[in-house]
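Per-entry structural report
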Amino acid sequence: MATTCTSSTVWKGALQDGQGLVFLRSSGVAAYPVSWRGREQESSGATSPEELIAAAHSSCYCMTLSQALTEAGTPPLSLSARADVTFHPGVGITGVALTISGTVPGVSVESFTAAAENAKRNCPVSHALAAVPITLIVNPSDLTLTPAHPAA
């Protein structure tokens, strides 16, 4: 069954000095200030569309990779994904870099990397962002790949 999630934004003022509030309507868990400065500069105390895209991508990617590892018989104990979305004013979003780390018993670095690449291709948010290059960084030193737990 399909689901539809809803967010909304109320914006006041001109682009450069205006500000808005993004409401996560479906969950009701938060409202975040948003501003042009949040897009154009590092941190301004307000979020940006790119930061919200990064949050969506990192969470969706973790879910997709977790499912792939579980289906392969090596469910993760933990995964941590970082998504860096690059925005250039006047150009737009020019790329996404995903960085993944985790603790996964019973998997090799090669198997983990293959699953991570596959998850990048199959993540629904990756599909939605197909217009921009998406890179994946898997640093073996950020992985804890322990032997499989013996059956009890």
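Up top you'll find the structure we're talking about.
As a starting point, this report considers the structure included with it.

The rules behind the values
Residues numbered from 1 in each chain as written. Predicted model: local features only at pLDDT ≥ 70, side-chain atom pairs only at ≥ 80, totals over all residues. Heavy atoms only, no water. Pairing = 2+ DSSP bridges. Helix = DSSP H or I, 4+ residues; strand = E, 2+ residues; numbered from the N terminus. Axes fitted to C-alpha atoms, helices over the stretch in contact; angles between N-to-C directions. Contact = heavy atoms within 4.5 Å. Core = buried A, V, L, I, M, F, W, Y, C linked by side-chain atoms within 4.5 Å. Buried < 20%, exposed > 50% of the residue type's maximum accessible area, 1.4 Å probe, protein only. Polar contact = N/O pair within 3.5 Å; in protein donor to acceptor, adjacent residues only side chain to side chain.

**Considerations on the pairing of strand β2 (residues 19–24)**
As defined by bridge partners, strand β1 (residues 7–12) adjoins β2 across 6 bridges and the pair is classed as antiparallel. The residue bridging valine 10 from the neighbouring strand is leucine 21, located in β2. Here β1 hands over to β2 after 6 residues, with glycine 13 in that stretch at a positive phi of 100°. Both β2 and strand β3 (residues 31–34) contribute to a ladder of 4 bridges, which runs antiparallel. Paired with leucine 21 across the bridge in β3 is proline 33. Linking two consecutive strands that pair antiparallel, namely β2 and β3, is a turn of 6 residues; a positive phi of about 70° is found at glycine 28 within it.

**Some remarks on the sheet that holds β1**
Here 3 strands make up an open sheet; going across it, the order is β1-β2-β3 and the pairing antiparallel. The sheet is open, and its two borders are formed by β1 and β3, each paired with just one other strand. Averaged over neighbouring strand pairs, the angle between their axes works out to 20° when direction is ignored.

**Considering the sheet that holds strand β4 (residues 78–88)**
Taken in spatial order, the 3 strands make up an open sheet running β4-β5-β6, and their pairing is mixed. A single partner strand is all that each edge strand has here, and the edge strands are β4 and β6 (134–144). Mean inter-strand twist for the sheet, computed between neighbouring axes without regard to direction, equals 15°. As paired strands, β4 and strand β5 (residues 92–103) are joined by 11 bridges and run antiparallel to one another. Its bridge partner being in β5, phenylalanine 87 is matched across the sheet by isoleucine 93. Contacts between helix α3 (residues 109–122) and the sheet are confined to β4, β5 and β6, with β6 contributing the most and set at about 150° to the helix.

**Some words on the nonpolar core**
Soluble, globular proteins show a tendency: their nonpolar side chains are buried together. The biggest cluster of nonpolar side chains holds 26 residues, and the ones touching the most others in it are Tyr61, Leu65, Leu79, Ile100 and Phe112. When residues of this core are assigned to their parent elements, the largest contribution, 6 residues, is made by helix α2 (residues 49–71). Among residues more than four places away in sequence, those in contact with leucine 65 are Leu79, Ile100, Phe112, Ala115, Ala116 and Ala119.

**Comments concerning the environment of asparagine 139**
Its location among the elements puts asparagine 139 in strand β6. Asparagine 139 gets classed as partly exposed once you look at its relative accessible area, which sits at 34%. Distance from asparagine 139 to asparagine 122, taken between C-alpha atoms, is 20 Å for residues 17 residues apart in sequence. Within the structure, asparagine 139 has its side chain in polar contact with the side chain of serine 141 (distance 2.9 Å).

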